[in-house]
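Read off the chains here:
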Amino acid sequence: MTKEAVIEVIKKNIAANSDDIDAAGIDPQKSMKDYGANSLDMIEVVSTSMRELKIKVPRSELTDLNNIDQLADKFLEYVNKGNG
Amino acid sequence: MSERMKLASEPSGVSVLKMDDAKGRNIFSAEFITEFLHALDELERERRTKVLILCGQQDVFCGGAEKQALLDLCDGKAVVRDLVLCERLVEVPFPVIAAMEGHAIGGGLAVGFCCDIVIAARESRYGAVFMSLGFTPGMGCTTLLAELVGPYLASEMMFTGKRFRGSELEGKGTHINYVLPRTEVVAKAWDIAEQIAEKDARSISLLKHALSVNKKKLLVDARHQEDLMHRISFSFPETRRTIQELYPE
């Protein structure tokens, strides 16, 4: 799986969780907070995306991430671990 | 007039209580609860209200518990003030219509299901998110949510913590009276309220009392089991950590 594909999964779930955001308009360099997500939204986006990617990243590894791109990197690391 | 609660009464007997805490986003701060209860006291004292429309802000009906109250529960302190809201909505001598234009989350959803008639918005989200934060549901959810949405959907909502859009609930055969576009929610509430206000005030109050008997019982049942589960689930160290990390500021 490519990083782009991971980003697409995250973007899709951000859009599904918000009122007026289109997946295509999401910039991975931004944080979900920039798109109006509160913590409950982020829990939902992260847990739905992890289920979809069939990975489980410990919460402690997610607390220091600053933007969607970094979240995708973290997810990709686990996707690759699963394949390796 | 209080800062967070806007109260208006029409000569017809329809009153409107708008929860309008722009800063706190309608979460249960001590001030929010006090002003909410004062507003209900005032309506009861004046004895002119035949039916109450309870609404919130356009995007947030009610947000539920305050972070500090949850952390107090982690410390083993009893926090009972939130629960009084539910009791009062069930006990007031007039029917209450919940016009939930905006999201209703956790205890905020409980405020909705303690009302007599419930109108939701397609665009908004309704969720019993307690378990996502690590602890078991409260505010009457374990007995009364099933009354509103049906027992199996209530289980799904409580176990998963998922916030359902009104549009998702619409197709599920819940007992929510109406799921409408957000812009039509308050108008529908008024339509129903005006029909009720044509009726005799004494009979309205008698009927409210009779129809509330079961709700009161369910709230008491909920209180017992929810208090017990809270004493256990709030004592998990993980729960405190989850609340501290994840609860919206």
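In what follows, the structure referred to is the one given above.
This structure is a prediction, so every number in the text was calculated from the model and none was measured. (Residues numbered from 1 in each chain as written. Chains lettered and ligands numbered in written order. Predicted model: local features only at pLDDT ≥ 70, side-chain atom pairs only at ≥ 80, totals over all residues. Heavy atoms only, no water.)

**Some thoughts on helix α1 (residues 30-46) of chain B**
Residues and elements named next belong to chain B.
- Compared with the 24 Å implied by 1.5 Å per residue over 17 residues, the 24 Å span of α1 between its first and last C-alpha is a close match.
- Three or more residues of α1 are buried, namely Phe32, Ile33, Glu35, Phe36, Leu37, Ala39, Leu40 and Leu43.
- Buried positions along α1 lie against β1 (5-9), β2 (14-19), β3 (27-28), β4 (51-55) and α3 (81-91). (Helix = DSSP H or I, 4+ residues; strand = E, 2+ residues; numbered from the N terminus. Expected span 1.5 Å × (residues − 1). Buried < 20%, exposed > 50% of the residue type's maximum accessible area, 1.4 Å probe, protein only. Contact = heavy atoms within 4.5 Å.)

**Describing the side chain of Ser31 of chain A**
Residues and elements named next belong to chain A.
- In this structure, Ser31 sits in the loop between α1 (3-16) and α2 (39-53).
- Within the structure, the side chain of Ser31 is placed 3.0 Å from the backbone nitrogen of Lys33, a separation counted as a polar contact.
- Non-local contacts of Ser31, meaning those with residues more than four positions away in its chain, are made with Asn66 and Asn67. (Polar contact = N/O pair within 3.5 Å; in protein donor to acceptor, adjacent residues only side chain to side chain.)

**Quick notes on the pairing of strand β7 (residues 96-100) of chain B**
Residue and element names in this part refer to chain B.
- Counting buried residues along β7, five of its five residues qualify, which places the element largely inside the surrounding structure.
- Burial along β7 is two-sided: Val96, Ala98 and Met100 and Ile97 and Ala99, pointing in opposite directions, are all buried.
- Pairing of β4 with β7 involves four bridges; the strand directions are parallel. Of the residues in β7, the one forming a bridge with Cys55 is Ala99.
- The pairing of β7 with strand β9 (residues 117-121) spans four bridges and is parallel. Within β9, the residue paired with Ala99 across the bridge is Ile119. (Pairing = 2+ DSSP bridges.)

**Thoughts on the packing of aromatic side chains**
Residues and elements named next belong to chain B.
- Within the structure shown, the criterion is met by four aromatic pairs over all chains.
- Note on Phe130 and Phe135: the rings are 6.2 Å apart at their centroids and 75° apart in plane angle, and the pair reads as edge-to-face. Each member of the pair, Phe130 as well as Phe135, is classed as buried.
- The interplanar angle of 25° and the centroid separation of 4.4 Å between the aromatic rings of Phe135 and Phe234 together place this pair among those described as stacked. Taken together, the residues Phe135 in the loop between β10 (125-127) and α5 (141-149) and Phe234 in the loop between α9 (201-233) and α10 (237-246) connect sequence positions 99 residues apart.
- For Phe135, a relative accessible area of 3% gives the class buried.
- Through pairs of rings, three or more aromatic residues link up here, namely Phe28, Phe32 and Phe36.
- The residue whose ring lies beneath Lys162 is Phe164, and the NZ or CZ to ring-centre distance is 4.7 Å. (Phe/Tyr/Trp six-rings, centres within 6.5 Å; stacked < 30°, edge-to-face > 60°. Lys NZ or Arg CZ within 6 Å of the ring centre and 35° of its normal.)

**Details of the nonpolar core**
- By size, the foremost hydrophobic cluster in this structure holds 86 residues, and its most contacted members are Phe36 and Leu54 of chain B.
- In terms of residue count, α1 of chain B provides more of this core than any other element does, seven residues in total.
- Setting aside anything within four residues of it in sequence, one finds Leu54 of chain B in contact with Leu17, Met19, Phe36, Phe61, Leu89, Val96, Ile97, Ala98, Ala99, Val111 and Cys115 of chain B.
- Counting 24 residues, the second-largest nonpolar core is a separate cluster that includes Ile10, Ile21, Val46 and Leu53 of chain A. (Core = buried A, V, L, I, M, F, W, Y, C linked by side-chain atoms within 4.5 Å.)

**Here we look at α2 of chain A**
Residues and elements named next belong to chain A.
- Spanning 15 residues, α2 covers 21 Å between terminal C-alpha atoms, matching the ideal 21 Å at 1.5 Å per step.
- By the burial criterion, the buried members of α2 are Ser39, Leu40, Asp41, Ile43, Glu44, Val45, Val46, Ser49, Met50 and Leu53.
- Immediately beyond the C-terminal end of α2, within one or two residues, lies Lys54, with a positive phi of roughly 55°.

**Re the packing of α5 of chain B against helix α6 (residues 151-160) of chain B**
All names here are of chain B.
- Their axes nearest at 7 Å, the elements α5 and α6 cross at an angle of 125°. When the axes of α5 and α6 are compared, the pair comes out oblique. The handedness of the crossing between α5 and α6 comes out as right-handed. When α5 is examined against α6, the residues Cys141, Thr142, Leu145, Ala146 and Val149 are found in contact with a partner set consisting of Pro151, Leu153, Ala154, Met157 and Met158.
- Considering only residue class, the contact of α5 with α6 consists of nine nonpolar, one polar and no charged. (Axes fitted to C-alpha atoms, helices over the stretch in contact; angles between N-to-C directions. Parallel < 35°, antiparallel > 145°, perpendicular 65-115°, else oblique. Left-handed = near helix turned anticlockwise from the far one by under 90°. Nonpolar A, V, L, I, M, F, W, Y, C, P; charged D, E, K, R; others polar.)

**Here's the deal with the side chain of His230 of chain B**
- Within the fold, His230 of chain B resides in helix α9.
- Those residues in contact with His230 of chain B that sit more than four places away from it in its chain are Phe135, Thr136, Pro137, Gly138 and Ser235 of chain B.

**Thoughts on unusual backbone geometry**
Residues and elements named next belong to chain B.
- Phi is positive for Arg47, which is not a glycine, with a value near 55°.
- Inspection of the secondary structure puts Arg47 in the loop between α1 and β4.
- Of note in this structure, Met139 is not a glycine but carries a positive phi near 60°.
- Mapped onto the secondary structure, Met139 falls in the loop between β10 and α5.
- Owing to a relative accessible area of 8%, Met139 belongs among the buried residues under this scheme.

**Focus: the pairing of β1 of chain B**
Residues and elements named next belong to chain B.
- One ladder, built from five bridges, connects β1 with β2; its direction is antiparallel. Each bridged residue has a counterpart across the sheet, and for Ala8 the counterpart in β2 is Val16.
- Here β1 hands over to β2 after four residues, with Gly13 in that stretch at a positive phi of 105°.

It is worth stressing that arrangement in space is one thing and function is another; only the former is reported here.
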